[in-house]
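Analysis of the macromolecular model
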Number of protein chains: 2
Amino acid sequence: MRTVEWVDNAVRMIDQRHIPWDLRYVDLHDVEQVAAAIRDMVVRGAPAIGATAAFGMALAAHTSGASTLPPLRADLQRAGDILKASRPTAVNLQWAVDGLLHLAEHTSSGSVDELRQRLLQAAQQIADDDIAINRRMGAHGAVLIQDGDTVLHHCNTGALATVDHGTALGVIRTAFEQGKRFSVLLDETRPRLQGARLSAWELEQLGVPYHIIADGAAGYFMRRGEVNLVLVGADRIAANGDFANKIGTYQVAVLARTHDIPFYTVAPTSTIDATIPDGSFIPIEERDPAEVLAPYGCAIAPAHYKVCNPAFDVTPAEYVSGIVTEYGIVHPPLTHSIARTLAAANSTP
Amino acid sequence: MRTVEWVDNAVRMIDQRHIPWDLRYVDLHDVEQVAAAIRDMVVRGAPAIGATAAFGMALAAHTSGASTLPPLRADLQRAGDILKASRPTAVNLQWAVDGLLHLAEHTSSGSVDELRQRLLQAAQQIADDDIAINRRMGAHGAVLIQDGDTVLHHCNTGALATVDHGTALGVIRTAFEQGKRFSVLLDETRPRLQGARLSAWELEQLGVPYHIIADGAAGYFMRRGEVNLVLVGADRIAANGDFANKIGTYQVAVLARTHDIPFYTVAPTSTIDATIPDGSFIPIEERDPAEVLAPYGCAIAPAHYKVCNPAFDVTPAEYVSGIVTEYGIVHPPLTHSIARTLAAANSTP
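Procedures and definitions
Residues numbered from 1 in each chain as written. Chains lettered and ligands numbered in written order. Predicted model: local features only at pLDDT ≥ 70, side-chain atom pairs only at ≥ 80, totals over all residues. Heavy atoms only, no water. Contact = heavy atoms within 4.5 Å. Buried area = accessible area lost by both parts, 1.4 Å probe. Salt bridge = Lys/Arg side-chain N within 4 Å of Asp/Glu carboxyl O. Helix = DSSP H or I, 4+ residues; strand = E, 2+ residues; numbered from the N terminus. Nonpolar A, V, L, I, M, F, W, Y, C, P; charged D, E, K, R; others polar. Least-squares fit on C-alpha atoms with pLDDT ≥ 70 in both. Pairing = 2+ DSSP bridges. Axes fitted to C-alpha atoms, helices over the stretch in contact; angles between N-to-C directions. Polar contact = N/O pair within 3.5 Å; in protein donor to acceptor, adjacent residues only side chain to side chain. Buried < 20%, exposed > 50% of the residue type's maximum accessible area, 1.4 Å probe, protein only. Disulfide = S-S within 2.5 Å. Phe/Tyr/Trp six-rings, centres within 6.5 Å; stacked < 30°, edge-to-face > 60°. Lys NZ or Arg CZ within 6 Å of the ring centre and 35° of its normal. Expected span 1.5 Å × (residues − 1).

Moving on, we get to the interface of chain A and chain B. Between chain A and chain B, the contact holds 51 residues from the first and 51 residues from the second. Among the residues chain A hides against chain B, the three largest losses belong to Q251, I300 and Y305 of chain A. Together they make up 15% of the total. One can count two salt bridges joining chain A with chain B. Put simply, the parts of the chain that give the side of chain A that touches chain B at least two residues each are α7 (194-206), β6 (210-213), α8 (218-223), α9 (249-258), α10 (290-293) and β12 (312-315) of chain A. Considering only residue class, the side of chain A that touches chain B consists of 35 nonpolar, eight polar and eight charged.

Below, the discussion takes up the relation of the copies chain A and chain B. The two copies are related by a screw motion: chain A maps onto chain B through a turn of 180 degrees and a shift of 0.0 Å along the axis, at an RMSD of 0.0 Å. The relationship between the two copies is best expressed as a two-fold rotation axis. A high fraction, 100%, of the interface residues of chain A reappear at the interface in chain B, so the copies pair face to face through one surface.

Our next topic: the sheet that holds strand β1 (residues 4-7) of chain B. Residue and element names in this part refer to chain B. Taken in spatial order, the three strands line up as β1-β2-β3 in an open sheet, and their pairing is antiparallel. Of all the strands in the sheet, just β1 and β3 (25-28) have a single pairing partner and so form its edges. With strand direction ignored, the average angle separating the axes of adjacent strands in the sheet is 30 degrees. In the packing of helix α1 (residues 31-39) onto the sheet, contacts are made with β2 (10-14) and β3, and the angle to β3 comes to roughly 140 degrees.

Quick look at the side chain of H165 of chain A now. All names here are of chain A. Of note, H165 is situated in the loop between β4 (150-153) and α6 (168-177). A polar contact is formed between the side chain of H165 and the side chain of R135, at a distance of 3.3 Å. Engagement of the side chain of H165 in a polar contact is seen with the side chain of T174, the distance being 2.9 Å.

Here we take up the environment of L255 of chain B. Secondary-structure assignment places L255 of chain B in helix α9 (residues 249-258). We classify L255 of chain B as buried; its relative accessible area is 0%. Once the C-alpha coordinates of L255 of chain B and R223 of chain B are considered, the two residues, 32 residues apart in sequence, prove to be 9.0 Å apart. Apart from the residues within four sequence positions on either side, L255 of chain B is in contact with Q251 and V254 of chain A together with G219 and M222 of chain B.

The omega torsion of the bond from I19 of chain A to P20 of chain A falls at 10 degrees, within 30 degrees of zero and hence cis. Along the chain, the position of P20 of chain A falls in the loop between β2 (10-14) and β3 (25-28). Put simply, R190 of chain B and P191 of chain B share a cis peptide bond, and its omega is 10 degrees. When you line up the elements, P191 of chain B lands in the loop between β5 (183-187) and α7 (194-206).

What follows covers the pattern of salt bridges. Overall, the coordinates contain 32 salt bridges over all chains when judged by the stated rule. The shortest N-O distance in the salt bridge between E177 of chain B and R173 of chain B comes to 3.1 Å. Highlighted residues: E177 of chain B and R173 of chain B, both in helix α6 (residues 168-177), separated by four residues, approximately one helical turn. Close ionic contact of R236 of chain B with D273 of chain B constitutes a salt bridge, the shortest N to O distance being 2.8 Å. Highlighted residues: R236 of chain B in strand β8 (residues 236-238) and D273 of chain B in strand β11 (residues 272-273), separated in sequence by 37 residues. Of the residues examined, R236 of chain B reaches a relative accessible area of 4% and is grouped as buried. Linked by salt bridges that have partners in common, R87, R192, E285, R287 and E291 of chain A make up one network.

In the structure shown here, the tally under the stated rule is one disulfide over all chains. Between the sulfur atoms of C298 of chain A and its disulfide mate C298 of chain B the distance is 2.3 Å. Taken as a pair, C298 of chain A in the loop between α10 and β12 and C298 of chain B in the loop between α10 (290-293) and β12 (312-315) lie in two separate chains rather than in one. The exposure class assigned to C298 of chain A is buried, which follows from its relative accessible area of 16%. The thiol of C155 of chain B is unpaired, and the distance to the nearest cysteine sulfur, on C298 of chain A, comes to 19 Å. For C155 of chain B, a relative accessible area of 6% gives the class buried. You can see C308 of chain B has no disulfide; the closest cysteine sulfur is in C155 of chain A, sitting 20 Å from it.

All right, on to the packing of aromatic side chains then. Scanning all chains against the criterion turns up twelve aromatic pairs over all chains. Ring plane angle 85 degrees and centroid distance 6.2 Å describe the contact between F176 of chain B and F182 of chain B, whose orientation is recorded as edge-to-face. For the pair F176 of chain B and F182 of chain B, one class covers both residues: buried. Geometry around F312 of chain A places K246 of chain A over its ring, the cationic atom sitting 4.3 Å from the centre. Between R223 of chain B and the ring centre of Y250 of chain A, over which it is positioned, the NZ or CZ distance is 5.6 Å.

Now for helix α5 (residues 112-141) of chain B. An α-helix turns once per 3.6 residues; consequently, residues spaced three or four apart project the same way. An ideal rise of 1.5 Å per residue puts 44 Å on 30 residues; α5 of chain B measures up with 43 Å between its terminal C-alpha atoms. Residue S111 of chain B occupies the N-cap position of α5 of chain B, its side-chain oxygen lying 3.3 Å from the main-chain nitrogen of D113 of chain B.

In structure tokens, the structure reads:
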């Protein structure tokens, strides 16, 4: 099963807000529904929302009333704008939208239905590629994990954050499937608790030993010498290796450095935004205070209490031991090695 | 009003589990109820549980059926054991119990009722002293805060954590009462959310500007240059200045050091445990996984999910810019300055 897929001319996805309690699916029938699902975090995780946006573009083509290519392209442009506005930080969303817009703009022959079909095939390809890429990252990254290790993980980067398999949690999965025996500390990851809800749910199913900890406890376990490796995902990586990821990632990186623990991010090259020189250019989404004050509807403090709720932070490249990509592990100096990896990626057929 | 006080031969306290929703009081009529209230965190905060334990000893004397001093002393010894077993980390509890036991052991004349009365007076004195000490710490510490500052605070160290006024939050209160204008970032402080529930409730009433943040966001705001000072409390301070405090404190200290931000703990000398050379001797309480999985009864993940829930961590002295005590601010080298402060305290009538 996949986090997001195309079924009967609709975009079907797991409603992640109900995990770990229920595995529910929703079918979305127009691009506005898809954008709302991304905004409301029915689906989340940079690669998953990339694939979702691609299917959203295919859906926009299918629901368009256009009978010639120019108005279909105009509808797709509008759909792309709607999707890009849904969440600002992860670049995979833009990457997927721009990829499908590029295809539409460079398809000057054929019928409207043929373009619809080509767009859907392209979205399917992005989804299929995502799984293949994740398995390749899993194989590359699994060498970082040894028997007896304890790996600290922040947020959720598993099958649910992607189409399937996962990025950082995908590395953990691959290592476990290889027979390595180790355990995982899951930051619960406030405010939305992706660690306690999504990552724990996935590791329960895989049988990987884990413990959930409060986010404030990461330093405690590191200081006790009980963490050997930190693996996280990324929502956008700048040309110099600075990267945005779920709020709390930056301080885990600082703690890892203080305790001399390797700190790796695991992300496909589609997460790299080579157009920005460093992390200061990454927009940080500020989300609803209710996520902090009433997580999943459970009020922990009055709704009028004052809150700051940045959804992401930026970890400077200097804290990164390496980036696990589908082309291998990229090491510092990252500006150099990221450029080389992108060049290799662009020359790959 | 006080967090804990003696009313009609009972120990009356605010039930802090209902803050910020309701201000409810409970009356406790025997030492077992007092110990349970400490264990279940009806009352929490090192100075508050110190005063509570003192009243618990007075209550044990009042409820004892002894008619001569030796069996009364035996009952007090049992009561002290029960109270000391309620929570292991904060030393103020032991300090208060031992103080009243010492008084009982060294009172060889007078009636049983006279000893009962003297024990109650001693407990009252501890409670009154707590407030006076907190105001002195507030005055000493307020010099650390300047107009325009943003002060980061972890957990709750306000009136609710003490008999009244507070320790670290008491410094914030005193500075605000002096007319200084600044704002406070409150770590929500998972798992029990003392920042979001108790500290925010107190600052709402005082009118001090604040924002609640997820614990994982502290580093984000520090990196943006938006934090000028960190103030926290302490549950036990070793002779070398290592100190135990609410889980998450240690990593705030690491982050403060990384960002060159002053990091002070605010604690009365009763929090200093000169019998232990360093923080490795401080027992760290492991609490119920349900605190993480179902805070205040609200299930965020299934009850069988695996959790580690250490309630405290130890911050090494090297991260401490200074300790605000009732005798002034103690600076590094802390082994030296703590010893001098204790010597001064012991020579004070």
